[in-house]
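A look at the structure
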Amino acid sequence: MLLEARERGAAGVEVVIGVVETHGRPETAALLEGFERLPPKTVEYRGAALPEFDLDAALERHPQLLLVDELAHTNAPGSRHAKRWQDVEELLEAGIHVYTTLNVQHVDSLNDVVAQVTGVTVRETVPDSILDRADEIELVDIPPDDLMQRLREGKVYLGPQAERALQSFFRKGNLIALRELALRKTAERVDAQLESHRRLEGITGTWDVRERLLVCVADFESGLALVREARRMAVALRAEWFVVHVERPGELGARVRDREKIVDLLAFAEELGAHTAMLSGHDLREELLSFARGRHVSRILIAKPRRARWLEAIAGSLTNELIRSARDIDVYVVDAKRTAAAPAPAPRPDTAFDTRPHLLALAIVGVVTMLIAPLYGRLDRINLVMIYLLAVLLVAVRLGRGPAVVASFVSVAAFDFFYVTPRYTFAVSDTQYLVTFAVMLGTALLVSTLTVRMREQAEGARDRERRTAALYALTRDLASAASEVDLLEVAVARARETFDCDAMLFLPDAGGTLAPRTAPRTAAAPDARELAVAQWTFQNAQAAGRGTATLPAALGRYQPLETQRGVLGVLGVYPADARALATPDAARLLETFARQTALALERSQLETDTERTRMSAERERLRNTLLASVSHDLRTPLASITGATTTLLQVGDRLDPDTQRELLESVAAQARRLNRLVGNLLEMTRVEAGGITPRMDWHSIEEVVGAALGHVEPELRGRALELDVPRDLPLVRFDATAIEQVLVNLFENAAKYAPADQPITVRARVTADELQVEVLDRGIGVRPGEEERVFEKFYRAPAAAGDPGGLGLGLAICRAIVQAHGGTLVARAREGGGAAFRFALPRGPSPAPAPDAPQGAR
């Protein structure tokens, strides 16, 4: 690092040393000469002064290049950051380039490997993300013997420390292992840079900078020998390797058993450490080369062809095509003979040959032959050939490849036998007909092949569309699920529809034991054995059950619902046929279903946790606010009552009557205030519990206003009161006690915030639809934007000087009471200053008139 810094400094770059640990080595100290060095800062810890890197001084100095040694260093307690690499992050964010040093044993991802090799757990580590952020990584590598010699010479540690290091951590075997780890980590970095360069430059060719093998298997027997040979070669080369099988669309229905053997072979290859894939396409050579170039394969292994040469000359040879086309990839042809030790796949019932499509093809050709019999002699023979070709096309579309080939040969034979002279024989009088037969047969085979290929491609496209549609429907329905229960039901319903079998979801309880969360479609619920398989899947985060290598005797296949938070549950599917989920496509689709379900379940649980946290925080906030308000607002009147009564008890006989009366009035006023505070708390409890049920009856608002003013007469004493309540207002239906409490709270609010020399105004009107009551004051008013906030629980606007305050519940209770009546309560700033509170209640129909009194009644 210091040598590189000297070169950069000579090139004109401003280089400053932030911190460099020399460990007393004179060679290192000599390299520091000529550099500007930042003085260390001193951190006091447990009575000791510890020198540390001064981050603030470095940020203030802001050089072009700063040298910071020992990236994994742990800072002294009391520093801004716990680790030096966090200091470096802040320097980088400030635009300062940094050179730093790091030993391989301090890389976080290698910590467990280092502990296993050396027997020492390194405590100071650096996250791999810091290495990923580095512009350049330079490997400083020397052989272990040379490093041990440097230790003995005191060039790493001085004195006894060097000897202890040689006897413990820096033994030769440890150094060899650490050297390999450093080389591998650097190689990974270089490989990532190479891949990035290739993508940016659009390079698609293969560069043999790292060995990757590709094995193409066509059948189980030859493929088994290929896989074993590739495994031995991959181990020798320490190369990544792939095993693939290319199938033509439509082969699944024709060769089910062979395909199942290929699936077993791919599973065997995965057990040996290979990456496997099932490719699909008509051009095998193109599919293989496309896969190989996409993964930068350097060698392709393929089995030696076993077909006769004359057949290869007619049908073509995949081996020869690969050798000619893979210009930048080596092709190895392996003599894949059958081995006696081959692990035979699990026996499965063979698929019987279906003769019905071929017989139907013969019948179609026979029907066409009879239909064109009346046309013989009226049409040219070439037109009869066209009719036969049309029949072959129909067979290819409807029945597939085999019946189409049969129809091609039989059509040529029927045309020759029935419509070429001499008729009813296979003899040919004109040799030109041989060309006609050849062209007819070739055309029929070509047309049938192309038609079948288009049909298979269409079937493949339909399968892909079905899978895509199933995933889209699952994602859409999961996103729209309103609750976790709905989400589980949606996931199970989509799984049943897609895989055409029963499905269930299992989630763990608080103790980690799985239990079904959805009911099975069938009557039988999973027994203890099936639950044990599901539990194993949950605990090991691996698929198990039917169609897998783990517990294959189970009735269902169990897929873990895995996310970054861990395994959230298990999806179980119960196919009637084990082969339904044995193909890689079906297995990948099931994995995708499980992953999407897991993500949706995680999102739902996060939303629930967030809401629970929010509610808990809200409850805590309300509790703290309530305790703070109650502790103050209850203590104040209690203190006044206690003081007044104590005075009366101790010196009451020596006080004059006016003072005694004043103290008693203070006790009464504070008791009333305390009563109202407790009443508001109880009323808010009723509001929160939804216990407000108005007792509706016909009342005069004038009487209710008068009663409310009587309750607050002490608070309004000495204030001017303006009443605008006409005496002839009609009766309105409401709960008189509840509305009286609304008015009392509004009057108290006005008295609290309005100056004593300003009037309080009360207005009441009855319109055709509603009763309107307003309480207006000339106090501090309602600030813009707080028209709704004043009705929140525990909200208290700034009160006038000397005002005792309150709980901030009165207006919230008022609005709850008015809304329980079906009315509205609003607040606004009054023109000219002050606040106006207006509530409106539905008027309802007028009360029925009292019946006429009977004759003679008084």
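Our subject is the structure that appears above.
Residues numbered from 1 in each chain as written. Predicted model: local features only at pLDDT ≥ 70, side-chain atom pairs only at ≥ 80, totals over all residues. Heavy atoms only, no water.

**Describing the overall build of the protein chain**
A tally of helices and strands in the protein chain yields 28 helices and 23 strands. By the burial criterion, 39% of the 858 residues in the protein chain qualify as buried. Long-range contacts, defined here as pairs at least 24 residues apart, represent 67% of the contacts in the protein chain between residues at least 6 apart. (Helix = DSSP H or I, 4+ residues; strand = E, 2+ residues; numbered from the N terminus. Buried < 20%, exposed > 50% of the residue type's maximum accessible area, 1.4 Å probe, protein only. Contact = heavy atoms within 4.5 Å.)

**Quick word on unusual backbone geometry**
Despite not being glycine, glutamate 70 shows a phi value in the positive range, around 55 degrees. Along the chain, glutamate 70 turns up in the loop between β5 (65-68) and α4 (84-93). The exposure class assigned to glutamate 70 is partly exposed, which follows from its relative accessible area of 28%. Residue alanine 541 is not a glycine yet carries a positive backbone phi of 55 degrees. On the secondary structure map, alanine 541 appears in the loop between α21 (528-540) and β14 (544-545). Classification of alanine 541 as partly exposed rests on a relative accessible area of 29%.

**Observations concerning the sheet that holds strand β8 (residues 240-247)**
The parallel open sheet is built from five strands, whose spatial order is β9-β8-β7-β10-β11. This sheet does not close on itself; its edge strands, each paired only once, are β9 (275-280) and β11 (330-334). Neighbouring strand axes in the sheet, compared pairwise and without regard to direction, differ in orientation by 25 degrees on average. Judged from the four bridges that link them, strand β7 (residues 212-216) and strand β10 (residues 299-303) form a sheet pairing that is parallel. Bridge assignment links leucine 213 to a residue of β10, and that residue is arginine 299. Strand contacts of helix α10 (residues 220-237): β7, β8, β10 and β11, with the helix running at about 155 degrees to β10, the strand carrying the most contacts. (Pairing = 2+ DSSP bridges. Axes fitted to C-alpha atoms, helices over the stretch in contact; angles between N-to-C directions.)

**Re empty space enclosed by the protein**
Evaluation of the coordinates by the stated rule reveals two cavities of 30 Å³ or more. Space inside the largest cavity adds up to approximately 50 Å³. Taken together, Lys41, Glu52, Phe53, Leu55, Asn75, Ser79, Arg80, His81 and Asp87 form the lining of the largest cavity. Split into classes, the residues belonging to the lining of the largest cavity amount to two nonpolar, three polar and four charged. (1 Å grid on protein atoms, 1.4 Å probe; cavity = no way out; pocket = protein on both sides within 12 Å on 5 of 7 lines; lining within 4 Å. Points joined across faces, edges and corners; volume = space filled by probe spheres on them. Nonpolar A, V, L, I, M, F, W, Y, C, P; charged D, E, K, R; others polar.)

**Quick look at the sheet that holds strand β2 (residues 36-37)**
Strand order in the open sheet made by the four strands is β2-β1-β5-β6, with parallel pairing throughout. Both edges of this open sheet fall to β2 and β6 (97-100), since each of them pairs with a single strand only. In terms of strand pairing, strand β1 (residues 15-19) meets β5 through four bridges, oriented parallel. Within the sheet, the bridge partner assigned to valine 19 lies in β5 and is valine 68. Of the strands in this sheet, β1, β5 and β6 touch α4, which is tilted by about 175 degrees from β5.

Coordinates in, geometry out; function isn't part of it.
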